[in-house]
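# Tertiary structure, described
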Amino acid sequence: MTTSVLDRTHQVFEAGLATGEDPTLGLLHAEADKVSRELLPCRVNNPELWFAESPSDVEEAKALCTDCPVQALCLDGALSRREPWGVWGGELFLSGVVIPRKRPRGRPRKDAAA
Ligand code: SF4
């Protein structure tokens, strides 16, 4: 069984209730529950895309987020929580900040411009 981004956030949110973390994830779930599941890309596509290793998969997840009705709320929450990783609200997070793109695995090319 796969777990969507929203399902993962729910698990984190449940854990966070005990520690008094920002409740923004609860608001995200409440808003997401108001729209049809089919309109939420991370619920109807492979949720692993949102936590993918492949840069092309990450870009695909970011593109899918653009059609999401809760994109702005998702992004705001991820920013406030400083999400450690994954695609949230159409942006890629790493260590709590938005980064432009995922680097491919391996060492940089030697002939890369200095
Ligand atoms: S913006 Fe992206 S990650 Fe957030 S709920 Fe929508 S599809 Fe999922």
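Let me begin by describing the structure that accompanies this report. (Residues numbered from 1 in each chain as written. Predicted model: local features only at pLDDT ≥ 70, side-chain atom pairs only at ≥ 80, totals over all residues. Heavy atoms only, no water.)

## Quick word on the pattern of salt bridges
Just so we agree on the cut-off: Salt bridge, as applied in this entry: a Lys or Arg side-chain nitrogen positioned within 4 Å of an Asp or Glu carboxyl oxygen. Throughout this description, buried means an accessible area under 20% of the type-specific maximum (1.4 Å probe, protein chains only), exposed means over 50%, and partly exposed covers the range between.
Enumeration over the complete set of coordinates arrives at 5 salt bridges. Close ionic contact of Lys 34 with Glu 31 constitutes a salt bridge, the shortest N to O distance being 2.8 Å. Exposure remark for Glu 31: the relative accessible area of 27% places this residue in the partly exposed category. Across the pair Glu 83 and Arg 81 runs a salt bridge, and its minimum N-O distance is 2.7 Å. On the basis of relative accessible area, Arg 81 is assigned to the buried category, the value being 18%.

## Quick word on the site of the ligand
Put simply, the rule is: The rule for a residue being near a molecule or strand is that one of its heavy atoms must lie within 4 Å of it. For helices the rule is a DSSP run of H or I covering at least 4 residues; for strands it is a run of E covering at least 2, with both sets numbered from the N terminus onward.
Looking at the ligand, there are 12 residues lining it, with Cys 42, Cys 65, Cys 68, Cys 74 and Gly 89 nearest. Sorting the residues of the shell around the ligand by element identifies helix H1 (5-19), helix H3 (41-44) and helix H5 (71-81) as the ones contributing at least two each.

## What about unusual backbone geometry?
For Arg 82, which is not glycine, the phi dihedral falls at a positive 55°. On the secondary structure map, Arg 82 appears in the loop between H5 and strand S1 (85-88). The backbone of Ser 95 shows a phi angle near 55°, a positive value even though the residue is not glycine. By the element assignment, Ser 95 lies in the loop between strand S2 (91-94) and strand S3 (97-99). Residue classification places Ser 95 among the exposed positions, given a relative accessible area of 57%.

What is shown is where atoms sit, not what they do.
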